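Chain by chain, the residues run as shown.
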Amino acid sequence: MAADASYSRVAVVGTGGYGWHFLKALVHSKHFATVRAVTRKSTNDTAKQTRIQQLKDRGVHVFEYDNATVEVFEEAFEDIDVVVSAVAIAGVPDQIPMIDGALLAGVKWFIPSEYGVVHYPSTWMPFSSPLAAKSLVQDHLVNTAKSKGMAHTIIYTGLALDYIDPKSIGLQVAKHTATLVGRGGTPVTFTSIQDVVSLVVDIVKRPREMQNKTIRFAGSTAKMRDLIKVVTGSNCGVGLKIVSIDEAKERFCELARTQNMKAFQVYARLLIEEGLAQINRHRESLDNELFPDISPEPVRQALERLMARESAADNLAHMKQGPLHRSDTGFSVTEGLGKVHKPAEMPPMSSSPDSE
């Protein structure tokens, strides 16, 4: 797909997780005159310092800060056209001063940290969603920043098994066991890391087409009970523990009251069972056909490769008689479970709710 030549200066907030992958891919594209990493200072995190040096070696400009204030972000985004936020869930509220700083710096386009599920309202949860802060950020972008001339793009891609810890959704790939909340029959959207990264880079290259839109891109759709069969190697429940929805709700409430981060894992499993992890739950159009150069990779192969990697790591650990830390390098997936959303299979396009 041909790229616009409008914006040549991009900043990514965050150097771990997706931020690391975005920065490497943006540099590799050779499309941008400036690629800047904006990240919190960290003197004790050796791994982070190593990443930062590697980014500098690749030509990335690095801006480090102590406090997430409007003034700091105004300085961080000086002479930047587009900001791509890749902050983790704990950093989502920082995007409010981030947006305000970007406005003062004259940034033209802001892409908030999403790359996951849509914030559909839950009828099950007695507490506010852990994702509620993301909705506040979107409101600020749409109702405040847009009126002041800064565009935005919201990107939903579902879950990435090669990014999240599969244990957080009940898949114990190393042990070939699983924990299921409910019946596991609701569809879930999955998109691999490499597809999310390719998608974001492609979007940033095409501002005129992509601004002020919500993009829904799905690698594949599968149900948890089908993934569990792959993990356990059984069609009859061997290696499977089933937790009732009421039991999971009670556990979530218990953990949420004490602000225990494990509450988020229980929430994720309830979200999946309620059907809220499918990014087009209400039959919204998927946007895969806008990205014909991306061939989405389905989830089963990601799961099988992850299982193979765990098995190899386990065997090597036994051979060495010592602990082995799993690499956090992403891997590609090629074929497998679920319906694969190829461009030819997409329904007719319609304008996104917030499109101009």
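Read on for an overview of the structure. (Residues numbered from 1 in each chain as written. Predicted model: local features only at pLDDT ≥ 70, side-chain atom pairs only at ≥ 80, totals over all residues. Heavy atoms only, no water.)

## Here's the deal with the environment of Lys134
And step 1. With respect to the element layout, Lys134 can be found in helix H5 (residues 132–145).
And step 2. Look at Lys134 and you get buried, because its relative accessible area is 11%.
And step 3. As a C-alpha pair, Lys134 and Pro112 span 22 residues in sequence and 8.5 Å in three-dimensional space.
And step 4. Dropping the residues within four chain positions of it, Lys134 is found in contact with Ile89, Val92, Ser113, Glu114 and His119. (Helix = DSSP H or I, 4+ residues; strand = E, 2+ residues; numbered from the N terminus. Buried < 20%, exposed > 50% of the residue type's maximum accessible area, 1.4 Å probe, protein only. Contact = heavy atoms within 4.5 Å.)

## As for the packing of aromatic side chains
Aromatic ring pairs: the centre-centre distance and the angle between the two ring planes describe each pair.
And step 1. The final tally for this structure, using the stated rule, is 10 aromatic pairs.
And step 2. Measuring from centroid to centroid gives 5.2 Å for Phe22 and Tyr115, while their planes differ by 75 degrees, and the two rings are edge-to-face. With Phe22 in helix H1 (residues 17–29) and Tyr115 in the loop between strand S5 (109–111) and H5, this pair connects stretches of sequence that are 93 residues apart. Accessibility classification places Phe22 together with Tyr115 in one group, the buried group.
And step 3. Ring geometry for Phe252 versus Tyr267: centroids 6.2 Å apart, planes at 40 degrees, classification tilted. A residue pair is termed long-range when its members are at least 10 positions apart, and Phe252 in helix H9 (residues 245–257) and Tyr267 in helix H10 (residues 262–274) qualify at 15 residues.
And step 4. On the basis of relative accessible area, Phe252 is assigned to the buried category, the value being 3%.
And step 5. Classification of Tyr267 by relative accessible area gives buried; the value is 6%.
And step 6. Cluster of aromatic residues (ring-pair linked, three or more members): Tyr18, Phe22, Tyr115 and Tyr163. (Phe/Tyr/Trp six-rings, centres within 6.5 Å; stacked < 30°, edge-to-face > 60°.)

## Considering the pairing of strand S6 (residues 151–156)
And step 1. In terms of burial, S6 is a largely internal element, 6 of the 6 residues being buried.
And step 2. Burial of the side chains of S6 extends over both faces: Ala151, Thr153 and Ile155 are buried on one face and His152, Ile154 and Tyr156 on the other.
And step 3. As paired strands, S5 and S6 are joined by 2 bridges and run parallel to one another. Bridge pairing in S6 links Trp109 to Ala151. (Pairing = 2+ DSSP bridges.)

## What to know about the packing of H9 against H10
And step 1. Between H9 and H10, whose axes approach to 9 Å, the crossing angle comes to 150 degrees. One finds that H9 runs roughly antiparallel with respect to H10. Pair H9 / H10 crosses with left-handed handedness. Residues Ile245, Ala248, Lys249, Arg251, Phe252, Leu255 and Ala256 of H9 form the contact with H10, whose participating residues are Lys262, Ala263, Val266, Tyr267, Leu270 and Glu273. (Axes fitted to C-alpha atoms, helices over the stretch in contact; angles between N-to-C directions. Parallel < 35°, antiparallel > 145°, perpendicular 65-115°, else oblique. Left-handed = near helix turned anticlockwise from the far one by under 90°.)

## Observations concerning the nonpolar core
And step 1. Formed by 65 residues in total, the largest nonpolar core has its most connected members in Val38, Phe77, Leu171, Leu227 and Leu303.
And step 2. Top element by residues in this core is H10. It accounts for 7 residues.
And step 3. When sequence neighbours within four positions are dropped, the list of residues in contact with Val38 reads Ala11, Val12, Val13, Gly14, Phe63, Tyr65, Phe73, Ala76 and Phe77.
And step 4. Ranked by size, the runner-up nonpolar core spans 35 residues in total, among them Leu26, Val60, Trp109 and Ala151. (Core = buried A, V, L, I, M, F, W, Y, C linked by side-chain atoms within 4.5 Å.)

## Quick look at the pairing of strand S8 (residues 177–181)
And step 1. Looking at chain direction, strand S7 (residues 171–172) and S8 are connected through 2 bridges and run antiparallel. Pairing of Leu171 across the sheet is with Ala178, part of S8.
And step 2. Hairpin connection, S7 to S8: the antiparallel pair is bridged by 4 residues, and His176 has positive phi, about 60 degrees.
And step 3. Bridging between S8 and strand S12 (residues 240–243) involves 4 bridges; their strand directions are parallel. Within the sheet, the bridge partner assigned to Leu180 lies in S12 and is Ile242.

## Structural notes on unusual backbone geometry
And step 1. Residue Lys30 is not a glycine yet carries a positive backbone phi of 55 degrees.
And step 2. Within the secondary structure layout, Lys30 lies in the loop between H1 and strand S2 (34–40).
And step 3. For Lys30, a relative accessible area of 77% corresponds to the exposed category.
And step 4. A positive phi angle, close to 65 degrees, is found at Arg283, a residue other than glycine.
And step 5. Structurally, Arg283 can be placed in the loop between H10 and helix H11 (299–320).

## Concerning helix H2 (residues 46–57)
And step 1. With 12 residues, H2 ought to run about 16 Å at 1.5 Å a step, and its terminal C-alpha atoms sit 17 Å apart, in line with that.
And step 2. Where the residues of H2 are buried, they touch H1, S2 and strand S3 (61–65).
And step 3. N-cap assignment for H2: the residue whose side-chain oxygen lies 3.2 Å from the backbone N of Ala47 is Asp45.
And step 4. Two residues or fewer after H2 comes Gly59, characterised by a positive phi angle close to 95 degrees. (Expected span 1.5 Å × (residues − 1). Polar contact = N/O pair within 3.5 Å; in protein donor to acceptor, adjacent residues only side chain to side chain.)

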